[in-house]
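# Fold and contact review
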Amino acid sequence: MNDCIYLDNNATTKIDEEVLAAMLPYLSTYYGNPSSMHTFGGQLGRTIRQARQQVASLLGAEDSEIVFTSCGTEGDNAAILAALQAQPQKKRIITTAVEHPAVLNLCRKLEKTGYSVTYLSVNSQGQIDFDELEASLTGDTAVVSVMYANNETGVVFPIEQIGQVVKEYGALFHVDAVQAVGKIPLDMKTSTIDFLTLSGHKLHAPKGIGALYVRKGVRFRPLVMGGHQERGRRGGTENVAGIVALGKAAELAQAHLAGVAEEQRLRDKLEQAILETIPNTVVNGDRTHRLPNTTNIGFKYIEGEAILLSLDQYGICASSGSACTSGSLEPSHVLRALGLPYTILHGSIRFSLSRYTTEAEVDRVLEVLPSIITRLRELSPFTSDDAGWLQEQSLVISH
Amino acid sequence: MWDYTDKVMEHFHNPRNQGAITDKQEGEKVVTGEVGSIACGDALKLHLKIDEATQTIQDARFQTFGCASAIASSSALTELLKGRKVEEALKLTNKEIAASLGGLPEEKMHCSVMGQEALEAAIYTYQGIPLDTHDDEEGNLICRCFGITDTKIKRVIRDNNLISAEQVTNYVKAGGGCSSCLADIDDILFEIAAEREKGVEVATQVWTETNPPTATQTAPPTLTNLQKITLIQKVINDDIRPILAEDGGDLELFDIDGDLVKVQLKGACSGCASSTETLKLAIEATLKDLVSPLLRVESV
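So, here is what we can say about the structure in this document.

Definitions and limits used
Residues numbered from 1 in each chain as written. Chains lettered and ligands numbered in written order. Predicted model: local features only at pLDDT ≥ 70, side-chain atom pairs only at ≥ 80, totals over all residues. Heavy atoms only, no water. Helix = DSSP H or I, 4+ residues; strand = E, 2+ residues; numbered from the N terminus. Rg over C-alpha atoms; globule rule 2.2 N^0.38 Å. Buried < 20%, exposed > 50% of the residue type's maximum accessible area, 1.4 Å probe, protein only. Contact = heavy atoms within 4.5 Å. Areas by Shrake-Rupley, 256 points an atom, 1.4 Å probe, with all protein chains shown as cover. Lys, Arg positive; Asp, Glu negative; His and termini not counted. Charge placed at Lys NZ, Arg CZ, Asp CG, Glu CD. Patch = residues over 30% accessible without salt bridge, like charges linked within 9 Å, V, L, I, M, F, W, Y side chains within 5 Å. Salt bridge = Lys/Arg side-chain N within 4 Å of Asp/Glu carboxyl O. Axes fitted to C-alpha atoms, helices over the stretch in contact; angles between N-to-C directions. Parallel < 35°, antiparallel > 145°, perpendicular 65-115°, else oblique. Left-handed = near helix turned anticlockwise from the far one by under 90°. Nonpolar A, V, L, I, M, F, W, Y, C, P; charged D, E, K, R; others polar. 1 Å grid on protein atoms, 1.4 Å probe; cavity = no way out; pocket = protein on both sides within 12 Å on 5 of 7 lines; lining within 4 Å. Points joined across faces, edges and corners; volume = space filled by probe spheres on them. Pairing = 2+ DSSP bridges. Expected span 1.5 Å × (residues − 1). Core = buried A, V, L, I, M, F, W, Y, C linked by side-chain atoms within 4.5 Å. Domains from an automatic or database assignment.

Time to look at the overall build of chain A. Per the secondary structure count, chain A includes 15 helices and 13 strands. Computed over the C-alpha atoms, the radius of gyration of chain A is 22 Å, within 12% of the 21 Å expected from 2.2 N^0.38 for a compact globule of 399 residues. Here chain A, with 399 residues, has 60% of them falling under the buried criterion. In chain A, 71% of the contacts between residues at least 6 apart in sequence involve partners at least 24 apart. Surface summary for chain A: the accessible area is close to 15,500 Å², and the carbon and sulfur share equals 53%. Once the 35 positive and 44 negative side-chain charges of chain A are each reduced to a mean point, those two points are 8 Å apart.

Encoded structure:
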């Protein structure tokens, strides 16, 4: 399976060979504990400092503003809970309907403990309405948590515009930038963001490492309590190898930022060719304000899992928001929030590229995809939007 | 990723009998059963060509919108139907469809249910029974998200010996949307478990009072002690423990004393006092069903 065509980089990415080489010594030779008094362990403090600089540099932040975490989910949880603890008198949270479960499920839990949460809706382009944002914001709002870019559609929110409104109401601003870091240039110095979450395995570092940016001056309470590591902001012995890997990955991502244009060219080629050669296909979400590596395409009248398993036969990896792939019986909450019709919802496929994606790989997808779609459509009883028995009212099923 | 059998993948990649039936001879009738909708995420149109003189299904074809297991279930169903008498075909259960594919992942059992329903719809159409008066549509609407009535839920519980609401969701989707009806589904499960209990009691009484079971009786099959113990162990390992394991629980066979099966609940099951009784009933129902109606279960 090593020669697969991997177009599922929003799920996870390949560890860059330079990253792997940088981290390996810290899994073998340098196994010390950075908190130790002896040189063998203590010298790792310098290693961690360097990695922190590398991550800070990618974000345009100061070293002291970076806290290493275990993953994106931890970063999201830590930021939102810290924002609430810092302002115990404020009882409102604002987020969007299309956030990652790391934010949504935390917010649902918080609702049960006395917080009131607004889940901003999105339009068919996947964008929020600023009037709704302003109407929801009050002086009682503790934190606004909005993702930089959506993992399923790639739609990018106007983060700084949102941040300016948030600041007018004195709320803290958390941004889940797990999908954006390394794909969009970021500069915390000129930003309104107070907390920013990133995850290593989305940018060619391994799983199990992430980081949280906490703006200098913002009060922070740790989620993971323990020792003095991370200057008391995150207890637990440091994942030294992971931290080194994230540092190296951040350095490589920064160097690659200009190369993202090539990813975008390949994405556009893939998308355009699919739209042109395969009838009844649509791109889901805002095509202008979007990650350069992501396209989410709805293939009408067929079901996503069947498409994925057919692609899998050719070693092509992608993903789908269809109900069948999730096992939840409901299609993705993101695509539903866009208000897409069921004809598109169930047959949506996400292709997400990386800097390793080649033109030959894109060409190969374009070579096999049309016949896969044709075959599945030939099996399907649906061929047009107006076939009477398939519409929503027949949701009450059978006989 | 789903753990599909090779047979499922084979039917998915090379489906048999796809498409509509376009030709028919004199004395043949073509009918169609439709189930599901694009909103639900899967739908099946099953076409049957029936020889009116012999009441035999000459040809079966399908059109399916859905995942790999929905397509494979439809394909397998058409293979099962060809050459069957109409009356026999009506007896086909979703279990048989799944079995012909070497089994389906639990979460995908609803694909086999869809096949069985389309078959029923097609045959009722053939027999001129109006579909909208069929049992399933009557009864109370339980799951509003997917439009599932208690009649349908009860049928699938009985046909497949289901013991948890999660299984009901896997088989007919009920409870899989907003999940607000899960408590109602639990009630139905409890009702049916009680029914099974009662049915067995009555049967046992009849045997013991008027016609005690002897070695020569065929129903229920009389097992030697060794056969019984082996079968009980097999049912516990194959049918009961996997279901408990889904919730982090487990069970160990402690002893068998005549018809009394002593078990020890482990893992998450052991600490949960309120569920012990429900669990005991469920385990007992399964053992009664699959081994012998005389069995009783005791938790030690």
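On the surface, a cluster of negative charge is contributed by Asp129, Asp131, Glu134 and Glu168 of chain A. Mapped onto the fold, glutamate 134 of chain A is located in helix α6 (residues 130-136).

With that settled, the discussion passes to the packing of helix α10 (residues 260-277) of chain A against helix α15 (residues 359-379) of chain A. Residue and element names in this part refer to chain A. The contact between α10 and α15 brings their axes to 10 Å, and the two run at 15°. Judged on the interaxial angle alone, α15 and α10 are roughly parallel. The handedness of the crossing between α10 and α15 is right-handed. Taken together, the residues of α15 that come into contact with α10 (itself represented by Arg265, Leu266, Lys269, Leu270, Ala273, Ile274 and Thr277) are Glu359, Val362, Asp363, Val365, Leu366, Leu369 and Pro370. Its residues placed into classes, the contact of α10 with α15 shows nine nonpolar, one polar and four charged.

Evaluated as defined, the whole model comprises 35 salt bridges over all chains. Glutamate 10 of chain B is paired through a salt bridge with arginine 16 of chain B; the nearest N and O atoms lie 2.6 Å apart. In this structure glutamate 10 of chain B comes out as partly exposed when scored by relative accessible area, which is 32%. With a relative accessible area of 24%, arginine 16 of chain B lands in the partly exposed category. Measuring nitrogen to oxygen at the nearest pair gives 2.8 Å for the salt bridge that ties arginine 158 of chain B to glutamate 195 of chain B. You can see arginine 158 of chain B sitting in helix α6 (residues 150-160) and its partner glutamate 195 of chain B sitting in helix α8 (residues 182-209), a full 37 residues away along the chain. Under the relative-accessibility criterion, arginine 158 of chain B is labelled partly exposed at 41%. Here the residues in one salt-bridge network are Glu262, Arg265, Lys269, Glu359 and Asp363 of chain A, joined through shared partners.

Right, let's talk about the packing of helix α1 (residues 6-13) of chain B against helix α2 (residues 68-81) of chain B for a bit. Residue and element names in this part refer to chain B. At a closest axis distance of 8 Å, the pairing of α1 and α2 adopts a crossing angle of 85°. Comparing their axes, α2 and α1 come out roughly perpendicular. In this structure, α1 contributes Val8, His11 and Phe12 to the contact, and α2 contributes Ala68, Ser69, Ile71, Ala72, Ser75, Ala76 and Glu79. Residues that form the contact of α1 with α2 fall into these classes: six nonpolar, three polar and one charged.

Residue and element names in this part refer to chain A. Of the pockets and cavities examined, the largest pocket occupies roughly 840 Å³. Around the largest pocket, the lining is made up of 39 residues, and of these His100, Pro101, Asn151, Glu152 and His333 lie nearest the centre. Among the elements of the structure, α4 (72-86), α5 (101-111), β12 (319-320), α12 (323-326), α13 (333-337) and β13 (348-352) are those that each provide at least two residues to the lining of the largest pocket. Considering each element in turn, the lining of the largest pocket owes the most residues, five residues, to α5. Split into classes, the residues belonging to the lining of the largest pocket amount to eleven nonpolar, 20 polar and eight charged.

A word on a nonpolar patch on the surface. Residues and elements named next belong to chain A. A cluster of nonpolar side chains, Ile15, Leu20, Leu24 and Leu27, forms an exposed patch at the surface whose accessible area comes to about 330 Å². Positionally, leucine 24 belongs in the loop between α1 (17-23) and α2 (39-42). Among the residues examined, leucine 24 registers a relative accessible area of 42% and is labelled partly exposed.

This next bit is on helix α7 (residues 165-172) of chain B. All names here are of chain B. With respect to burial, α7 is a largely interior element, seven of its eight residues being buried. Taken together, the buried positions of α7 are Ala165, Gln167, Val168, Thr169, Asn170, Tyr171 and Val172. Of the residues trailing α7, lysine 173 is marked for its positive phi of about 75°.

Residue and element names in this part refer to chain A. Summarising burial for strand β7 (residues 195-199): five of the five residues are buried, a large majority. Neither face of β7 is open: one carries Phe195, Thr197 and Ser199, the other Leu196 and Leu198, and all of them are buried. Pairing of strand β6 (residues 172-176) with β7 involves three bridges; the strand directions are parallel. Its bridge partner lying in β7, aspartate 176 is registered against threonine 197.

As a further point, take the environment of isoleucine 274 of chain A. Looking at the secondary structure, you find isoleucine 274 of chain A in helix α10. Along the primary structure isoleucine 274 of chain A and phenylalanine 299 of chain A are separated by 25 residues, whereas in three dimensions their C-alpha atoms are 9.9 Å apart.

Right, let's get into the sheet that holds β12 of chain A. Residue and element names in this part refer to chain A. In space, the four strands of this open sheet follow the order β9-β10-β13-β12, with antiparallel pairing throughout. Here the strands that pair on one side only, and so sit at the sheet edges, are β9 (281-283) and β12. The sheet contact formed by β9 and strand β10 (residues 294-299) spans three bridges and is antiparallel. By the bridge assignment for β10, valine 283 is matched with isoleucine 297. Along the sheet face, helix α11 (residues 304-313) touches β10, β12 and β13 and points at about 45° away from the line of β13. Set on the sheet, α15 makes contact with β9, β10 and β13; between it and β10 the angle comes to about 25°.

In this section: the sheet that holds strand β8 (residues 210-214) of chain A. Residues and elements named next belong to chain A. Pairing in this open sheet of seven strands is mixed, and the strands run β2-β8-β7-β6-β5-β3-β4 from one edge to the other. One side of each edge strand has no neighbouring strand; the edge strands of this open sheet are β2 (66-69) and β4 (116-120). Here the average twist between neighbouring strands, direction ignored, is 20°. Of the strand pairs in this sheet, strand β3 (residues 92-96) and β4 are connected by five bridges, and their pairing is parallel. If you follow isoleucine 94 over to β4, its bridge partner there is threonine 118.

In this section: helix α3 (residues 44-59) of chain A. Residue and element names in this part refer to chain A. Taking 1.5 Å of rise per residue, the 16 residues of α3 would be expected to cover 22 Å, and the 23 Å separating its terminal C-alpha atoms lies within 8% of that figure. Taken as a whole, α3 has its buried residues at Leu44, Thr47, Ile48, Ala51, Arg52, Gln54, Val55, Ala56, Leu58 and Leu59. Glycine 60, located one to two residues past α3, shows a positive phi value of around 65°.

Turning our attention to the nonpolar core. By size, the foremost hydrophobic cluster in this structure holds 85 residues, and its most contacted members are Phe299, Phe351 and Leu369 of chain A together with Leu48, Leu81 and Ile153 of chain B. A domain-level breakdown of this core finds at least three residues from each of domain 1 (6-133) and domain 2 (134-217) of chain B. In contact with leucine 81 of chain B, other than residues within four places in its own chain, are Leu46, Leu48, Ile57, Ala60, Ala89, Leu92 and Leu119 of chain B. With 65 residues, the next largest nonpolar core counts Leu137, Val146, Ala211 and Ala241 of chain A among its residues.

In short, geometric facts, not functional conclusions.
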